[in-house]
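If you want the building blocks of each chain, they are given just below.
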Amino acid sequence: MVAGDAGTSWAMALAVPARREVAVNAMDRPGDGPAPFESDICSRCAGCGPTCCELSPGQEELCFPVSEMERHRIVEQVGLSRGAFTPEPNSRAFLANLRHLFPREGQALELLFPDADRHLRLSVTPAGRCVFLRATGCRLPRPARPYYCRLFPFWVAGGRLTAFAAAGCQVHRQGRTVAGMLTLLGSTEARVRELHGRLRLAWGLPPREGMPFVTPSPARFGT
Ligand code: SF4
Ligand code: SF4
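Please read all numbers here as calculations on a predicted model, not as lab measurements.

Visitor: Would you mind showing me how to read the pattern of salt bridges here?
Guide: One pass over the structure, following the stated rule, counts 11 salt bridges. A salt bridge links R71 to E68; the nearest nitrogen and oxygen atoms lie 2.8 Å apart. One end of the pair, R71, and the other, E68, are both in helix α3 (residues 68–78), 3 residues apart, so they sit about a helical turn from each other. Here R71 falls in the buried class, since its relative accessible area comes to 18%. For E68, a relative accessible area of 28% gives the class partly exposed. In this structure, E194 engages R198 in a salt bridge whose closest nitrogen and oxygen atoms are separated by 2.9 Å. Of this pair, E194 and R198 both sit in helix α9 (residues 189–202), 4 residues apart, which is roughly one turn of that helix. Looking at R198, the relative accessible area reads 39%, which means it is partly exposed. Among the charged side chains, a salt-bridge network with shared partners connects R92, R99, E110 and D115.

Here's what the structure looks like:
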């Protein structure tokens, strides 16, 4: 996804956090339980579209990677895999977008997603819609969705909670700030940070920037 260009491509393609949102430091709300991250807003969004589950045809190479662990979880839940995932070369454009997400970890990304290798992504229709997208939203139960889907529209950049520059996102529009978006979705900063750490691990990075590597890249495919 191109930063701020929410009208043409969506979160399925790797997005870039909005700089102005970095200044907003969302606070945890004591007493909150695990946040469901489910919202009527997202269901309505799916009905009228475009949603973060779509990308512009031709931008498939920019779709976020799905790790082997995430793929297994989806297959266990829905009992299918054929056609749901597509091997995608680690193109320079894909790597460049990953670098936007993890700007100080370029060297690690080159090792995790080497030039001659491939990764898995979600398959999309010719129109660019995720194969799991239905009129009322994602057909996958939330715990089975890839971490990137579960995080969107939030991200952690430079150690601070932020949000993607998705101008067409209704959560973004109505919540206006990261704190407002969290409230709208009934989530917390702690929950977002936990999910972000899990995504990093799934993609082969340590759970927090600066920590030592503990796993090989589970996002690699075909090696
Ligand atoms: S996160 Fe935003 S773009 Fe995605 S479904 Fe919800 S409202 Fe739509
Ligand atoms: S898996 Fe579900 S949440 Fe993720 S892009 Fe596809 S439809 Fe959207």
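Visitor: So what exactly am I meant to see when it comes to the pairing of strand β2 (residues 118–122) here?
Guide: Moving residue by residue along a regular strand, the side chains alternate between the two faces of the sheet. Summarising burial for β2: 4 of the 5 residues are buried, a large majority. In terms of strand pairing, strand β1 (residues 85–89) meets β2 through 5 bridges, oriented antiparallel. Looking at the pairing, P89 lines up with R118 of β2.

What counts and how
Each residue is numbered by its place in its chain's sequence as written, counting from 1. Key to labels: chains lettered from A, ligands numbered from 1, both in the order written. The model is predicted, so local features are restricted to residues of pLDDT at least 70 and side-chain atom pairs to those at 80 or more, both for listing and for counting; the totals for chains, interfaces and linings are taken over all residues. No hydrogens and no water enter the side-chain calculation; it runs on all heavy atoms of the structure. When a carboxyl oxygen of Asp or Glu is within 4 Å of a side-chain nitrogen of Lys or Arg, the pair counts as a salt bridge. Under the scheme used here, helices are H or I runs from DSSP no shorter than 4 residues and strands are E runs no shorter than 2 residues, and both carry numbers assigned from the N terminus. For every residue, the accessible area (1.4 Å probe, protein chains only) is compared with the maximum for its type, and the residue is labelled buried under 20%, exposed over 50%, or partly exposed between those bounds. Any two strands between which DSSP finds at least two bridges are classified as paired.

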